[in-house]
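# Working through the structure, step by step
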Amino acid sequence: MMASSYNAKEEDGHHSGASSGTGVSKNKKPDNTAFKQQRLPAWQPILTAGSVLPAFFVIGLIFIPIGIGLYVTSNNIKEFEIDYTGVSSDSPCYNCAKNFTWNTTEPCVCTVNFTLHQPFESNVFMYYGLSNFYQNHRRYVKSRDDRQLNGDLSALTDPSKECEPYRKSGDVSIAPCGAIANSLFNDTLVLYYVDSNNSISEIPLVKKGIAWWTDKHVKFRNPAGNGNLTLAFKDTAKPVNWAKPVYELDPLDPENNGFINEDFIVWMRTAALPTFRKLYRIIQKKSGATPTLPNGNYMLNITYNYPVLSFDGRKRLILSTISWMGGKNPFLGIAYITVGSICFCLGVVLLIIHHKYDNRNTSADIPS
Amino acid sequence: MDFSLLRNIISRYCVGEEIWVDSRTVYIGHKEPPPGAEAYIPQRYPDNRIVSSKYTFWNFIPKNLFEQFRRIANFYFLVIFLVQLIIDTPTSPVTSGLPLFFVITVTAIKQGYEDWLRHKADCSINECPVDVVQQGKVVRTQSHKLRVGDIVVVKEDETFPCDLILLSSSRPDGTCFVTTTSLDGESSHKVPQLQEVDSLHATIECEQPQPDLYKFVGRINIYKDKEEPVARPLGAENLLLRGATLKNTQHIHAVAVYTGMETKMALNYQSKSQKRSAVEKSMNAFLIVYLCILISKAVINTVLKYAWQWSPDRDEPWYNHRTEHERQRHVIRAFTDFLAFMVLFNYIIPVSMYVTVEMQKFLGSYFISWDEEMFDEELGEGAQVNTSDLNEELGQVEYVFTDKTGTLTENNMEFIECCVDGNVYIPHAICNGQILSAASTRLCLSHHGHLNAACAFCLSLQEYEDLFFRALCLCHTVQVKEEETVDGIKRGIHQGRPTSFYISSSPDEVALVEGMKRLLFQQGLSQETGICCSFHNGLGVWFELLHVLNFDSVRRRMSVIVKSSSGDYLLFCKGADSSIFPRVVSGKVEQVKEGLRTLCVAYRRLSESEYQEACHHLMEAKLALQDREQRLAQAYDIIERDFVLLGATAVEDRLQEKAADTIESLHKAGMKVWVLTGDKMETAAATCYASKLFRRTTQILELTKKRTEEQSLHDVLFELNRTVLRQHCLDFGLIIDGATLSAVLKPNQEGAGHGNYREIFLEICRNCSAVLCCRMAPLQKAQVKELIKASKEHPITLAIGDGANDVSMILEAHVGIGIMGKEGRQAARNSDYAIPKFKHLKKMLLVHGHYYYIRIAELVQYFFYKNVCFIFPQFLYQFFCGFSQQPLYDTAYLTLYNISFTSLPILLYSLVEQHVSMDTLKREPSLYRDIAKNSLLRWPVFLYWTCLGVFDAVVFFFGAYFLFDNTTFTSNGQMFGNWTFGTLIFTVLVFTVTLKLALDTHHWTWINHFVIWGSLLFYVIFSLLWGGIIWPFLNYQRMYYVFMQMLSSGPAWLSIILLITVSLLPDVIKKVLCRAMCPTATERAQVQCLSFCCHFHYIFHCV
């Protein structure tokens, strides 16, 4: 890859000359070691056109196929996205969005119909997407108490100051405290398949495996309470914007309730950018040849609890299949192809330069 | 500086209310003077404790911290740290506190260690035993308990514990011998005795302590019973300096006059002025630029923040409310935000750069002292580094100012010929300043003009010749050193003649005396007050030595007044021709051979009355307490006149080994070499030709007194300037003498019409590759230096010299190099670097200087680059997080980036990098031109590095941005959060900046491999560990499993590889293209060396 020479200058063993010196000079005489004399054997690579050339070609030849592979994989991924915010008056959720108030007892439900033109073959991942939602705002990111979420009893009743102003409700401390937990996404999305004879069947949504395994099993823990979550959280208040306390997030499944509720854990991992999506449910592939989601009409039933219009946000539903490289993202493939081609072109340019200038250089050098 | 002031104030208070006087009175043995003589004022002086350490155990921490925070960068980080403590900032105080603590600790440890060494040395000195006479008994005490006025007993081979005045000696002649090797390298001189010690009742008045080793004025008042006190002068010759050693004398009694920190040695070792290198200056300039960038970034972000959150929905959406507390402080909120942004971006100022630079300099300087090629077997010493601050400046030298004698030449004088009354004599035997046994010196002078009298010369001395040789025998300050003492039995000087050798501070004198000895003019030297001048036939002529008018560099001559056995008073004088000729009334001398050092010898017969008058003048001047120097000079001026010229001597000073080769290399390296010498023009010019300073093709321009006498200075200057400008390609050499130089430098009062000579002179000099300044006074050397330094290009100057007269120029120059020569150690001590021989300058500049420069240049640029890469993504991130000061990286990464992930590879690079092999650098001095004028730290280069940093940062950030943009890249559909985003960028960042350094490394030893790959491995291991555990002491677990989850995703790997490739690509292309299109000499040499090595390797294999 690089032109190099191994320049080993073995200077050791030349010490005999020093012994002839007097006693004083011998003490002061510097040691003749390769390190002290700066003559350690060294590999001396030089970046010349000639030596870099092959590297460019190799990079080009490796990157372009990778890029093509990535691009094709990305293109094969099926993705469907629908905005259900309800901004325009003709959208089904317009009323829910417009009439939203925090303290309603009756949830607003709206239904969005959509059509899939292509069947989704493998497992389908159902995401909700939010736009213009600054989960990465500093005040927001730090507004949590990891100790409390890890089941620390002292932090449960006395949460960290970082949680302000969502730390205490009156005199009772909030569990889970902080702005992140308080703004937990609480729309309920239910998907129905409308088959050709207009019969509606609910599509089973799996809610296990949407959060990181380590988060669910190590980082998040319910406070010890002899298996009774209600007892464990008895001295705490629910977050102000929540409809129900934390121990009722999933009353049916004790493994998914309280702090270890996966929807909650997913939400607690703050997104990097203001437009983000979070995994909501997984639609498992049925056995046999039938596609997970056949093409046809679908109905999305939304329990509209989450206001986004106040900050000009948007809510989306995304259905996507997944490959080994994740969701649909042509960027990596295109980038690889581009960089690979650039390297290849540079290789050619360098080849020309190498031939043109190298001859000149060597011819100039030889007489000297 | 301030501490010495403080000490002064304190000592002033200790002395009491009395007015600060210019002299001190020492009561010998603390005996009060007889009543009535003088009021007895017991004065208080510091004890004899030497304190070279800066700190004590108690004040180390506060004082060291104070000193460190005086440094602007440290202070800046302290302020940032305090801001972090006070206001609510995005990053925890740890992120800047820990690096600062690290930097401060490393520096403190280094300084503490150095101080501990000093303490240890002080302790051993302060506790060494000393014998003191108290109430007539000798008491043994510790050195630091000595006080001014104590009478001290010093035995042979002991060093003096403080500055003493000799009272009595065990030698019969009442003198003692001392060597001051440790002070100024001179071997020995004799100190005359004053008085018997037993019944001594006296006071000494002397000046307050001052650092000049060779200056001391004082007076001793001896009280005898009921008599008027007798006053005697005391001069520098009476003073026994602390640090000197007693020789050839069993014991002496002496009285302490200066103790402790007031001794001349202690005063001399006080700190020198700080020199700053050009690299440091550009480093500071870059820092200021980055500070401006930092402030503007913070301002931009603050403004954008307020613009962005103008609508309350953005400022405070329902999901993200402020606390009541945060809402209240409306007024100062903007300022707090500004500070918070400053804190967020403060890492752009590289915190560890200063400490790395310091470590690099400190450790790197060892390579100079370790260098075997700069070790001189003869001296038994290698190069010596007195300051490591200027290593890189060695690679930037544009002007070399060198002394001639002892620097270019050996300072090993050889008496070549003499000229008496117009006739030239040449002794054939060659003597190298070494002892020749008397038998082998069958001496013959061939007497030009009297060929037939060649052998009979010795018998037929004419009167002039007689006087001439007598003058040479008498007029000197040479002493005889006995070879060895055998079992305490000392051979007398006169018997020990065959084994004795001569020692003097001036090698010329030794050469002359040696020459005289070969001519069998044997001398019994300076015994008591007389000189025995014996001739070949055993007939001795006795002269009584009455006065010695010592040599000084202003007068440039010395004289002795002697009384011959016949009762005549004679004044012999010898000195430089320019200082003798104006005072000569008769006599002639023929021009001696060119290129030799000549001294003229003259004499004057004094009548009894003239002698008395001279005596009177001398005594008066010697007794003076104030302006003694000046008065002595006046007295000398009066006495030394109306000479009769006897003849001249010629002494050859051979060129140092490889001096010519060195000068040639320096020329090729683009340096302008100036030789500054006190010698006369012809001598100096001959040496310059011999040392290839002037080559045959060099066109010599003369700017000498001779020429300016014919034409006006103005005309000569303009003519030379025209010549220089007309012919550009020619190689010019300029010769200027001291007198003309001072005329040129004199501020022009004749009006504007003549223009400024200074400028024209500089213009001429700029076009001359070599300049010879002859007939220079020591002070003028510094003036020339000053002139060049102040010229508008501000070139980097280097001064090299070996003698005390070069000290001013060594201190003045950007880099001062001392040669450990024969004229003492003063130059070496005051220099920044000391080398044994002139030839070592070549390796010092061309190899070490070159290496240090490229190393430190890369270090500085790389530090700024890596911090731009580090912080710029964080800046870009603000645009995507609502300008909320959200840090992109985790606290641990912010903290450790500069101090552990990226610090070692660059430190090691800056210690061992060799872009071209050592031999190539030595073989091709012209490579030095490639780094001239601070070329690697110029603004375009700096801009390139910064742009590269910004480009890389943009690649990192947007690469990760597009990867994260609203999609997932795991195979299980799970999403990553903001910390994964930051970790991905950080991983790419660490790998990129480390690999960038790897690309720049031309010299891969196993240490480089170890450190570069090791530090990458360390980053990975640290990240795994940092994310692998729930850390109980942290109140957040944001990094838990983030790094592992990231690595479990294929696209993350692919994008890391892609982003690293993309960010390194431009630099590689730039390097390759620059090398192919317009290679620098260095790059050519690299390739040549490569092919050479390959070739060599190939041959080697074939054999």
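Please read all numbers here as calculations on a predicted model, not as lab measurements.

## Observations concerning the UniProt feature "transmembrane region" (unreviewed entry) in chain A
Using the residue numbers shown here, the UniProt feature "transmembrane region" (unreviewed entry) corresponds to residues 46-72 and 331-353 of chain A. Here residues 331-353 of chain A is 100% helix and 0% strand, with 32 Å between the C-alpha atoms at its ends.

## Re helix α29 (residues 903-912) of chain B
Burial of α29 of chain B is extensive: 9 of the 10 residues sit out of reach of the surface. Considering only its buried residues, α29 of chain B is in contact with α11 (353-370), α27 (840-878), α28 (891-901), α32 (978-1000) and α33 (1006-1028) of chain B.

## Quick word on the sheet that holds strand β1 (residues 23-27) of chain B
Residue and element names in this part refer to chain B. The strand order across the open sheet formed by 4 strands is β1-β8-β9-β10, and the pairing between neighbours is antiparallel. Strands with a single pairing partner mark the edges of an open sheet, and in this sheet they are β1 and β10 (230-234). This sheet shows a mean twist of 20° between the axes of neighbouring strands, independent of strand direction. By the bridge criterion, 5 bridges tie strand β8 (residues 202-207) to strand β9 (residues 218-222) in an arrangement that is antiparallel. Residue pairing in the sheet places Thr 203 in a bridge with Asn 221 of β9.

## Side note on the nonpolar core
Counting 203 residues, the largest nonpolar core has Phe 114, Phe 264, Trp 267 and Leu 319 of chain A together with Phe 981 and Phe 986 of chain B as its most contacted members. If one sorts the elements of this core by residue count, α27 of chain B sits on top with 18 residues. Filtering out sequence-adjacent residues up to four positions away, Leu 319 of chain A remains in contact with Lys 78, Glu 79, Phe 80, Phe 114, Phe 120, Val 124, Phe 125, Met 126, Leu 191, Ile 283 and Leu 293 of chain A. Core analysis: the next-biggest nonpolar cluster, separate from the first, contains 40 residues, Leu 390, Ala 685, Phe 694 and Ala 770 of chain B among them.

## Quick notes on the interface of chain B and chain A
Contacts between the two partners involve 109 residues from chain B and, on the opposite side, 101 residues from chain A. Of the roughly 9000 Å² buried between chain B and chain A on both sides combined, carbon and sulfur atoms contribute 60%. Considering only the side of chain B, the residues that lose the most area to chain A are Trp 318, Tyr 319 and Asn 966 of chain B, jointly responsible for 10% of the buried surface there. In this structure, the connection of chain B to chain A is made through 2 salt bridges. With a closest N to O distance of 3.7 Å, Arg 39 of chain A and Asp 919 of chain B form a salt bridge. It is helix α35 (residues 1050-1077) of chain B that provides the largest number of residues to the side of chain B that touches chain A, a total of 16 residues. Broken down by class, the residue content of the side of chain B that touches chain A amounts to 53 nonpolar, 38 polar and 18 charged.

## Some points on a nonpolar patch on the surface
Residue and element names in this part refer to chain A. Judged by side-chain polarity, Leu 61, Phe 344, Val 348 and Ile 352 come together as a nonpolar surface patch covering roughly 360 Å² of accessible area. Looking at the nonpolar patch element by element, the count peaks at 3 residues for helix α11 (residues 330-365). Tracing the backbone shows Leu 61 in helix α2 (residues 49-76).

## Points about the UniProt feature "active site" (unreviewed entry) in chain B
Residue and element names in this part refer to chain B. Those places that UniProt annotates as "active site" (unreviewed entry) correspond, in this numbering, to Asp 403. Positionally, Asp 403 belongs in strand β15 (residues 399-403). The class for Asp 403 is buried, based on a relative accessible area of 4%. Every residue in contact with Asp 403, bar those within four places of it in the chain, is listed here: Leu 408, Leu 676, Lys 781, Ile 800, Gly 801, Asp 802, Asp 806 and Met 809.

## Topic: unusual backbone geometry
In the segment running from Glu 164 of chain A into Pro 165 of chain A, the intervening peptide bond is cis, with an omega of 0°. By the secondary structure assignment, Pro 165 of chain A is in the loop between α6 (153-157) and β6 (168-169). Omega for the bond connecting Ala 175 of chain A with Pro 176 of chain A falls within 30 degrees of zero, at -10°, which places this linkage in the cis form. Note on placement: Pro 176 of chain A falls in the loop between β7 (172-173) and α7 (179-182). Its identity as a non-glycine residue notwithstanding, Phe 883 of chain B has a phi of 45°, on the positive side. Given the relative accessible area of 6%, Phe 883 of chain B is considered buried. Here the phi dihedral of Tyr 1041 of chain B falls at roughly 60°; this positive angle occurs in a residue that is not glycine. As for its placement among the helices and strands, Tyr 1041 of chain B is situated in the loop between α33 and α34 (1042-1047).

## Some thoughts on the side chain of Gln 874 of chain B
Residues and elements named next belong to chain B. Residue placement: Gln 874 occurs in helix α27. For Gln 874, a relative accessible area of 0% corresponds to the buried category. If near-sequence neighbours (up to four positions away) are discounted, Gln 874 is found in contact with Leu 344, Phe 345, Pro 887, Leu 888, Tyr 889 and Leu 894.

## Description of the domain arrangement of chain A
Domains assigned within chain A are domain 1 (51-77 + 333-355) and domain 2 (81-322). The C-alpha centroid of domain 2 of chain A is placed 42 Å from the C-alpha centroid of domain 1 of chain A.

## Focus: the state of the cysteines
Residues and elements named next belong to chain A. One pass over the structure, following the stated rule, counts 3 disulfides over all chains. Across a sulfur-sulfur distance of 2.0 Å, Cys 93 and Cys 110 are joined as a disulfide pair. Classification of the bridge connecting Cys 93 and Cys 110 rests on its S-S torsion, roughly 85°, and on that basis the disulfide is right-handed. Of the two residues, Cys 93 sits in the loop between β3 (79-83) and α3 (94-98) while Cys 110 sits in strand β4 (residues 108-116), which places them 17 residues apart along the sequence. The exposure classification of Cys 93 matches that of Cys 110, with both residues buried. Through a disulfide, Cys 163 is tied to Cys 177; the S-S separation comes to 1.9 Å. In this pair, Cys 163 is assigned in the loop between α6 and β6 and Cys 177 in the loop between β7 and α7, connecting sequence segments 14 residues apart.

## Re the UniProt feature "binding site: Mg(2+)" (unreviewed entry) in chain B
All names here are of chain B. Here, the residues flagged by UniProt with the feature "binding site: Mg(2+)" (unreviewed entry) are Asp 403, Thr 405, Asp 802 and Asp 806. For the residues just named, distributed over 404 residues, the greatest C-alpha separation is only 10.5 Å, placing them together at one site. At 3.4 Å, the side chain of Asp 403 forms a polar contact with the side chain of Thr 407. Tracing the chain through its elements places Asp 802 in the loop between β33 (797-801) and α25 (807-812).

## Some details on the environment of Ile 210 of chain A
Residues and elements named next belong to chain A. Residue position: Ile 210 is located in the loop between β9 (200-202) and α8 (213-219). Of the residues examined, Ile 210 reaches a relative accessible area of 2% and is grouped as buried. Separated by 36 residues in the primary sequence, Ile 210 and Ile 174 place their C-alpha atoms 25 Å from one another.

## A look at the environment of Thr 1001 of chain B
Among the structural elements, Thr 1001 of chain B can be located in the loop between α32 and α33. Once the C-alpha coordinates of Thr 1001 of chain B and Val 807 of chain B are considered, the two residues, 194 residues apart in sequence, prove to be 39 Å apart. Those residues in contact with Thr 1001 of chain B, other than ones at most four positions away along the chain, are Pro 45 of chain A together with Tyr 909, Glu 913, Asn 1008 and Ile 1012 of chain B.

## Considerations on the confidence of the model for chain B
Residue and element names in this part refer to chain B. For chain B, mean pLDDT is 78; residues scoring 70 or higher make up 80% of the total. Confidence over residues 11-20 falls short of pLDDT 50; this stretch has 6 contacts with residues more than four positions distant or in other chains. Taken together, the stretch residues 522-530 has pLDDT below 50 and engages in 29 contacts with residues farther than four places along the chain or on a different chain. This prediction of the complex comes with two scores: 0.80 for pTM and 0.92 for ipTM.

## Description of the packing of aromatic side chains
Per the stated rule, a full pass over the model turns up 98 aromatic pairs over all chains. When the centroid spacing of 5.1 Å and the interplanar angle of 80° are considered together, the rings of Phe 311 of chain A and Tyr 319 of chain B count as edge-to-face. With Phe 311 of chain A in the loop between β11 (296-304) and β12 (314-321) and Tyr 319 of chain B in the loop between α8 (312-315) and α9 (324-328), this pair bridges two chains. In this structure, Phe 311 of chain A and Tyr 319 of chain B share a single accessibility class: buried. Lying over the aromatic face of Trp 212 of chain A, Arg 269 of chain A brings its terminal NZ or CZ to 3.7 Å of the ring centre. Directly above the ring of Phe 345 of chain B sits Lys 297 of chain B, whose terminal nitrogen or CZ lies 5.6 Å from the centroid.

About the cut-offs
- Residues numbered from 1 in each chain as written.
- Chains lettered and ligands numbered in written order.
- Predicted model: local features only at pLDDT ≥ 70, side-chain atom pairs only at ≥ 80, totals over all residues.
- Heavy atoms only, no water.
- UniProt positions renumbered as here; feature names shortened; annotations may be inferred.
- Helix = DSSP H or I, 4+ residues; strand = E, 2+ residues; numbered from the N terminus.
- Buried < 20%, exposed > 50% of the residue type's maximum accessible area, 1.4 Å probe, protein only.
- Contact = heavy atoms within 4.5 Å.
- Pairing = 2+ DSSP bridges.
- Axes fitted to C-alpha atoms, helices over the stretch in contact; angles between N-to-C directions.
- Core = buried A, V, L, I, M, F, W, Y, C linked by side-chain atoms within 4.5 Å.
- Buried area = accessible area lost by both parts, 1.4 Å probe.
- Salt bridge = Lys/Arg side-chain N within 4 Å of Asp/Glu carboxyl O.
- Nonpolar A, V, L, I, M, F, W, Y, C, P; charged D, E, K, R; others polar.
- Patch = residues over 30% accessible without salt bridge, like charges linked within 9 Å, V, L, I, M, F, W, Y side chains within 5 Å.
- Areas by Shrake-Rupley, 256 points an atom, 1.4 Å probe, with all protein chains shown as cover.
- Domains from an automatic or database assignment.
- Disulfide = S-S within 2.5 Å.
- Polar contact = N/O pair within 3.5 Å; in protein donor to acceptor, adjacent residues only side chain to side chain.
- pLDDT = per-residue confidence, 0-100.
- Phe/Tyr/Trp six-rings, centres within 6.5 Å; stacked < 30°, edge-to-face > 60°.
- Lys NZ or Arg CZ within 6 Å of the ring centre and 35° of its normal.

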